[in-house]
Amino acid sequence: DQQVKQNSPSLSVQEGRISILNCDYTNSMFDYFLWYKKYPAEGPTFLISISSIKDKNEDGRFTVFLNKSAKHLSLHIVPSQPGDSAVYFCAARKMGAQKLVFGQGTRLTINP
Amino acid sequence: EAEVAQSPRYKITEKSQAVAFWCDPISGHATLYWYRQILGQGPELLVQFQDESVVDDSQLPKDRFSAERLKGVDSTLKIQPAELGDSAMYLCASSYGENEQFFGPGTRLTVL
């Protein structure tokens, strides 16, 4: 039972344009969502998060949007840079718990 | 900058052999996690420690996997005997309370 789903295994975007990565979840008990970025041969690094009491959180070029009614969140990167090429994981956490449930990941490639 | 340390970075073993992985979390982080990431999938929690106590090991295959954190600092994950299906990246992470988890570089295990 995949509670967090990233349905796009890969995404290719031109440098300077907007990258939009999507994530869906099924468990309504999730109340905190995170995005991690992973380069080859490295562990995931935390990128940005959002609480369920918000619908948007922004940090520089990165913005996460949360639509609770649709159980959907998205990560926007604008403008996209070559260094953004990596695998992006969406993760979710239940209230009061620390365990993260991860999606399958989306490989983002930024083309020059 | 404080980091989560893991060793070895790579391990090749034959099936039925024993393997062990080591993790040293960020100083002061009471919570330690071991994840397994199979190629093409997101990390999946194997075991979570709060100090030296196991909080969640519901996804740990206890017939062959064991984990310990005797002094509440560093931790060891062991597999005995290893099977072909255990080939994966084993990631260690730590956190301070419910804050975001910081991941180590991982140990890539190949079972032949």
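Refer to the preceding data block for the structure.
The following refers to the structure shown. (Residues numbered from 1 in each chain as written. Chains lettered and ligands numbered in written order. Predicted model: local features only at pLDDT ≥ 70, side-chain atom pairs only at ≥ 80, totals over all residues. Heavy atoms only, no water.)

Re the overall build of chain A
When you go through chain A residue by residue, the secondary structure sums to 0 helices and 11 strands. Secondary structure elements in chain A, listed N-terminal to C-terminal, are β-β-β-β-β-β-β-β-β-β-β. Compactness check: chain A gives a C-alpha radius of gyration of 13 Å against a globular reference of 13 Å for 112 residues, within 12% of the reference. Overall size of chain A, expressed as C-alpha extent along the three principal axes, is 40 × 30 × 20 Å. The 112 residues of chain A split such that 46% are buried. Counted over contacts in chain A with a minimum sequence separation of 6, partners at least 24 positions apart contribute 55%. Averaged over its 13 positive side-chain charges, chain A has a centre that lies 5 Å from the centre of its 9 negative ones. (Helix = DSSP H or I, 4+ residues; strand = E, 2+ residues; numbered from the N terminus. Rg over C-alpha atoms; globule rule 2.2 N^0.38 Å. Buried < 20%, exposed > 50% of the residue type's maximum accessible area, 1.4 Å probe, protein only. Contact = heavy atoms within 4.5 Å. Lys, Arg positive; Asp, Glu negative; His and termini not counted. Charge placed at Lys NZ, Arg CZ, Asp CG, Glu CD.)

Section: the overall build of chain B
Per the secondary structure count, chain B includes 0 helices and 11 strands. Computed over C-alpha atoms, the radius of gyration of chain B comes to 13 Å, within 12% of the 13 Å expected from 2.2 N^0.38 for 112 residues, which places it in the range of a compact globule. The dimensions of chain B, computed from C-alpha atoms along their principal axes, are 40 × 25 × 25 Å. Counting only residues that meet the buried cut, chain B has 45% of its 112 residues in that class. Sequence-distant contacts, at least 24 apart, represent 51% of the contacts inside chain B between residues at least 6 apart.

Here we look at the environment of Thr-109 of chain A
Residues and elements named next belong to chain A. Counting through the fold element by element, Thr-109 comes out in strand E11 (residues 106-111). Exposure remark for Thr-109: the relative accessible area of 34% places this residue in the partly exposed category. As for Thr-109 and Leu-11, which are separated by 98 residues in sequence, their C-alpha atoms are 6.3 Å apart. The residues contacting Thr-109, other than those within four sequence positions of it, are Leu-11, Ser-12, Val-13 and Ser-85.

Here we look at the side chain of Thr-107 of chain B
Residues and elements named next belong to chain B. Note on placement: Thr-107 falls in strand E11 (residues 107-111). Assessed through its relative accessible area of 0%, Thr-107 is described here as buried. A polar contact of 2.5 Å, which involves the side chain of Thr-107, links it to the backbone oxygen of Pro-8. The contact partners of Thr-107, leaving out residues within four places of it in the chain, are Gln-6, Ser-7, Pro-8, Arg-9, Lys-11, Phe-21, Ala-88, Met-89 and Tyr-90. (Polar contact = N/O pair within 3.5 Å; in protein donor to acceptor, adjacent residues only side chain to side chain.)

Things to note about the pairing of strand E4 (residues 31-37) of chain B
Residue and element names in this part refer to chain B. Taken across its 7 residues, E4 has 7 buried, putting it largely inside the fold. Of the strand pairs in this sheet, E4 and strand E5 (residues 44-50) are connected by 6 bridges, and their pairing is antiparallel. Each residue of the ladder has a partner; that of Arg-36, found in E5, is Glu-44. Here E4 folds back onto E5 in antiparallel fashion, the turn holding 6 residues, of which Gly-40 has a positive phi close to 85 degrees. As defined by bridge partners, E4 adjoins strand E9 (residues 88-95) across 7 bridges and the pair is classed as antiparallel. Residue pairing in the sheet places Tyr-35 in a bridge with Leu-91 of E9. (Pairing = 2+ DSSP bridges.)

What to know about the packing of aromatic side chains
In the structure shown here, the tally under the stated rule is 12 aromatic pairs over all chains. Measuring from ring centre to ring centre gives 5.9 Å for Tyr-36 of chain A and Phe-46 of chain A, while their planes differ by 75 degrees; the resulting arrangement is edge-to-face. You can see Tyr-36 of chain A sitting in strand E4 (residues 30-38) and its partner Phe-46 of chain A sitting in strand E5 (residues 45-51), a full 10 residues away along the chain. The buried category is assigned to Tyr-36 of chain A, whose relative accessible area is 0%. Ring geometry for Tyr-36 of chain A and Phe-103 of chain B: centres 5.4 Å apart, planes at 85 degrees, overall edge-to-face. One end of the pair, Tyr-36 of chain A, is in strand E4; the other, Phe-103 of chain B, is in strand E10 (residues 102-103), on a second chain. Given the relative accessible area of 11%, Phe-103 of chain B is considered buried. (Phe/Tyr/Trp six-rings, centres within 6.5 Å; stacked < 30°, edge-to-face > 60°.)

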